2 protein chains.
Amino acid sequence: MVDSCQHCEPCQHGLEQYCEEFPTLTYNGTDRHDHTTTYGGYSEKIVVSDKFVLKVPDGLDLAGAAPLLCAGITTYSPLRHWNVGKGSKVAVVGLGGLGHMALKLAKALGAEVTLFTRSPGKEQDARRLGADNIVLSRDDSQMAAVKSRFDLIIDTVPYVHDINPYMPTLNISGTLVLVGYLGPLEPFLNSASLVLGRKSVAGSLIGGIAETQEMLDFCGKHGITSDIEIIQMQEINAAYERMLKSDVKYRFVIDMASLKA
Amino acid sequence: MVDSCQHCEPCQHGLEQYCEEFPTLTYNGTDRHDHTTTYGGYSEKIVVSDKFVLKVPDGLDLAGAAPLLCAGITTYSPLRHWNVGKGSKVAVVGLGGLGHMALKLAKALGAEVTLFTRSPGKEQDARRLGADNIVLSRDDSQMAAVKSRFDLIIDTVPYVHDINPYMPTLNISGTLVLVGYLGPLEPFLNSASLVLGRKSVAGSLIGGIAETQEMLDFCGKHGITSDIEIIQMQEINAAYERMLKSDVKYRFVIDMASLKA
């Protein structure tokens, strides 16, 4: 975000991401003053409302810190809102840009962290990133073994998928929070799994500005950055194709110096 | 409930309704000791585990208090879990046995209370029961007028229905809790309404034993009972047909003396 209305109820409570007039997004938004389109990470310079300027802590690699403003805050905000800390049991669905940050941040917050994945072979990377356990979501016996286990599940999958199989793995009063997918929950979510355990399905969108600074400071303290691959501007189309195939560990960062090459 | 395993994690935390071995329900359950079927309100006597005995406060009409053990606690528990009190804005979907108790209890807890209903003509009764506002859910302009208004919506509708239209009426971080329906949420719930406002869809089942006693004491203090119609046992089949047509304000109570008539 680079701006918001700054006067509505959510804006006045540090929830600029839920601005009633919708925030001005860094990328593909429309500037509130001159009505030009925003170009985000493809820009050499960005004009930002003064209240939306953030400070990257000293000591963090700038390239590795760049994705914290998206994948970092998107996963940090629900972890904080649902009070994750020492003793919490957190699961993460999906190991991509969002998922790998969720593992790092949940672990740094003191939680026991589990990765749900459909693909075998991600175990080593997941453990390196902070997962204590890996559960193959297609393996019924592995799923049954984590019945009623998690206080919070962060679901990072960016396309339509069945969330029903994850509901029994939530503990009483647990929450599954969607952070990667906007659209109809297909197949039908069954309310029995909600009622018979006071469980919730929720959603969360990036984070507020103060919370984003808190996240950056937290990452500075714990030495957390995103795992990245630096590309040249000229490689952007190939990188886009690779991103569609999930062939990136775990975020591309463009070296803007290449624009002048 | 008349019993539960009493040793699992939920049972040890006063959440016997979520007992991992499922509680023994008052009606149509199977006794854990002699394996007979429970008959609930159709019984002259009920055998209850000592820890499941509740005290009806002095001064409450016994017939009017009977439905508190079902409709009362089913609506009281989510009101308390989601911290409803003075200043809260609560909406109730549906005006039946559960809904009329939700209005009374939310009002007594200090909330501003709104009833969502499909039927005009319920206004007078709803106001008497505690509603400050009535919104016809089929009226788009009335629905738009309560956009982003509610902290908690208690949805008491006992059959499949579309919950999507209620989601925009939740405030940021608000929750819609289903208490009356077990089954697929048709049509598809759209996750955009969750993500773009950190909203939740949850469920809740009756309440724990300690919380049920708390609810009874609360009702005693505030003089709250269920609105009832007392029937003779011989009228039970006609009452059942009337219940299917929502023709009861708001709970039938059987006069057990009629069994000996």
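Rules and cut-offs
Residues numbered from 1 in each chain as written. Chains lettered and ligands numbered in written order. Predicted model: local features only at pLDDT ≥ 70, side-chain atom pairs only at ≥ 80, totals over all residues. Heavy atoms only, no water. Least-squares fit on C-alpha atoms with pLDDT ≥ 70 in both. Contact = heavy atoms within 4.5 Å. Phe/Tyr/Trp six-rings, centres within 6.5 Å; stacked < 30°, edge-to-face > 60°. Helix = DSSP H or I, 4+ residues; strand = E, 2+ residues; numbered from the N terminus. Buried < 20%, exposed > 50% of the residue type's maximum accessible area, 1.4 Å probe, protein only. Domains from an automatic or database assignment. Buried area = accessible area lost by both parts, 1.4 Å probe. Salt bridge = Lys/Arg side-chain N within 4 Å of Asp/Glu carboxyl O. Polar contact = N/O pair within 3.5 Å; in protein donor to acceptor, adjacent residues only side chain to side chain. Nonpolar A, V, L, I, M, F, W, Y, C, P; charged D, E, K, R; others polar. Axes fitted to C-alpha atoms, helices over the stretch in contact; angles between N-to-C directions. Parallel < 35°, antiparallel > 145°, perpendicular 65-115°, else oblique. Left-handed = near helix turned anticlockwise from the far one by under 90°. Core = buried A, V, L, I, M, F, W, Y, C linked by side-chain atoms within 4.5 Å. Expected span 1.5 Å × (residues − 1). Pairing = 2+ DSSP bridges. Right-handed = clockwise from strand over helix to strand, strands pointing away. UniProt positions renumbered as here; feature names shortened; annotations may be inferred.

Student: Which parts of the structure should I look at to understand the relation of the copies chain B and chain A?
Tutor: For the pair of chain copies, the relating operation is a rotation around an axis with a shift along it. Once turned by 180° and shifted 0.0 Å along the axis, chain B lies on chain A with an RMSD of 0.0 Å. The transformation just described matches what one would write down for a two-fold rotation axis. Both copies share a contact surface, since 100% of the interface residues of chain B are interface residues in chain A too.

Student: It is not clear to me how the packing of aromatic side chains should be interpreted in this structure. Could you clarify?
Tutor: All names here are of chain B. With the rule as written, the count across this model stands at nine aromatic pairs over all chains. With a centroid separation of 5.6 Å and an interplanar angle of 55°, the aromatic rings of Y27 and Y42 are classed as tilted. Of this pair, Y27 sits in strand β1 (residues 27-30) while Y42 is found in the loop between β2 (37-39) and α2 (62-65), placing the two residues 15 residues apart along the sequence. You can call Y27 partly exposed: its relative accessible area is 45%. Here Y42 falls in the partly exposed class, since its relative accessible area comes to 42%. Ring centres of F116 and F150 lie 5.6 Å apart, and the angle between their planes is 80°; this geometry places the pair in the edge-to-face category. Here F150 lies in strand β6 (residues 150-155) and F116 lies in strand β4 (residues 112-117), a separation of 34 residues in the sequence. Like F150, F116 is buried.

Student: How do you make sense of the domain arrangement of chain A when you look at a structure like this?
Tutor: Once the domains are mapped, chain A shows domain 1 (9-53), domain 2 (67-203) and domain 3 (227-261). When each unit is reduced to the centre of its C-alpha atoms, the spacing between domain 1 of chain A and domain 2 of chain A is 29 Å.

Student: What am I meant to see in the interface of chain B and chain A here?
Tutor: The extent of an interface is frequently quoted as the accessible surface area lost upon association of the parts. If you look at the interface, chain B gives 33 residues, while chain A gives 33 residues. Together chain B and chain A conceal approximately 3100 Å² of surface at their shared face, both sides included; 68% is due to carbon and sulfur atoms. On the chain B side of the interface with chain A, the three residues burying the most area are F188, V195 and R198 of chain B, jointly 24% of the side's total. Where chain B packs against chain A, one counts zero salt bridges. For the pair chain B and chain A, the number of links is eleven residue pairs in polar contact (both at pLDDT 80 or more). Of all the secondary structure elements, the ones that give two or more residues to the side of chain B that touches chain A are α3 (71-81), β7 (170-178), α7 (192-195) and β8 (200-203) of chain B. A per-element tally of the side of chain B that touches chain A places β8 of chain B first, with four residues. When the residues that make up the side of chain B that touches chain A are grouped by side-chain class, the tally is 20 nonpolar, ten polar and three charged.

Student: I'm lost on the packing of helix α3 (residues 71-81) of chain A against helix α4 (residues 97-108) of chain A in this one. Help?
Tutor: Relative orientation and spacing of two packed helices are given, respectively, by the angle between their axes and the distance between those axes. Residue and element names in this part refer to chain A. One can describe the packing of α3 onto α4 by two numbers: an axis separation of 8 Å at closest approach and a directional angle of 50°. Classed by the angle they form, the pair α3 and α4 counts as oblique. The element α3 and its partner α4 pack so that their crossing is right-handed. Two secondary-structure elements touch here, α3 through A71, G72, T74, T75, Y76 and L79 and α4 through G97, L98, M101, A102, L105 and A106.

Student: Which parts of the structure should I look at to understand the nonpolar core?
Tutor: One broad rule of soluble globular proteins: the nonpolar side chains tend to lie buried together. Core analysis: the largest hydrophobic core is formed by 86 residues, its most contacted members being F116 of chain A together with F116 of chain B. Sorting elements by how many residues they give to this core places α4 of chain A first, with six residues. For F116 of chain A, the contacting residues outside a window of four places in its chain are A91, V92, V93, G94, V135, M143, V146, F150, I153, Y166 and T169 of chain A. If you look at the next biggest cluster of nonpolar residues, it comprises 40 residues, including M1, L105, A126 and V177 of chain B.

Student: Looking at this structure, how should I read helix α4 (residues 97-108) of chain B?
Tutor: In an α-helix, one full turn covers 3.6 residues, which means residues spaced three or four apart are oriented alike. Residues and elements named next belong to chain B. With twelve residues, α4 ought to run about 16 Å at 1.5 Å a step, and its terminal C-alpha atoms sit 17 Å apart, in line with that. The buried fraction of α4 is high, at ten of twelve residues. Of the residues making up α4, those classed as buried are G97, L98, G99, H100, M101, A102, L103, K104, L105 and A106. Close packing links the buried residues of α4 with α3, β3 (89-93), β4, α5 (123-129), α8 (209-222) and β10 (251-255). In the segment just after α4, G110 is the residue with positive phi, at about 100°.

Student: Hey, could you run me through the pairing of strand β8 (residues 200-203) of chain A in this one?
Tutor: Walk down a regular strand and you will see the side chains alternate between the two sheet faces. Neither face of β8 of chain A is exposed, since S200 and A202 of chain A on one face and V201 and G203 of chain A on the opposite face are all buried. Strand direction decides the pairing type here: strand β7 (residues 170-178) of chain A and β8 of chain A, joined by four bridges, are parallel. Bridging from a neighbouring strand, L178 of chain A pairs with G203 of chain A of β8 of chain A. With three bridges joining them, β8 of chain A and β8 of chain B adopt antiparallel strand pairing. Bridged to S200 of chain A within β8 of chain B is A202 of chain B.

Student: How should I be thinking about the pairing of strand β5 (residues 133-136) of chain A in this particular structure?
Tutor: Residue and element names in this part refer to chain A. Across four bridges, the pairing between strand β4 (residues 112-117) and β5 is parallel. Along β5, the bridge assignment pairs F116 with V135. Following the backbone out of β4, through helix α5 (residues 123-129) and into the adjacent parallel β5, one traces a crossover that is right-handed.

Student: It is not clear to me how the UniProt feature "domain: Alcohol dehydrogenase-like C-terminal" (unreviewed entry) in chain A should be interpreted in this structure. Could you clarify?
Tutor: Under the present numbering, the feature "domain: Alcohol dehydrogenase-like C-terminal" (unreviewed entry) in UniProt falls on residues 97-219 of chain A. Between the C-alpha atoms that bound residues 97-219 of chain A the distance is 16 Å, and the span itself is 33% helix and 24% strand.

Student: Can you walk me through the packing of α3 of chain B against α8 of chain B in this structure?
Tutor: All names here are of chain B. Between α3 and α8, whose axes approach to 10 Å, the crossing angle comes to 100°. Taken together, the axes of α3 and α8 lie roughly perpendicular to each other. Of the residues in α8, those touching α3 at G72, I73, Y76, S77 and R80 are E211, T212, E214, M215 and F218. Residue composition of the contact of α3 with α8, grouped by class: four nonpolar, three polar and three charged.

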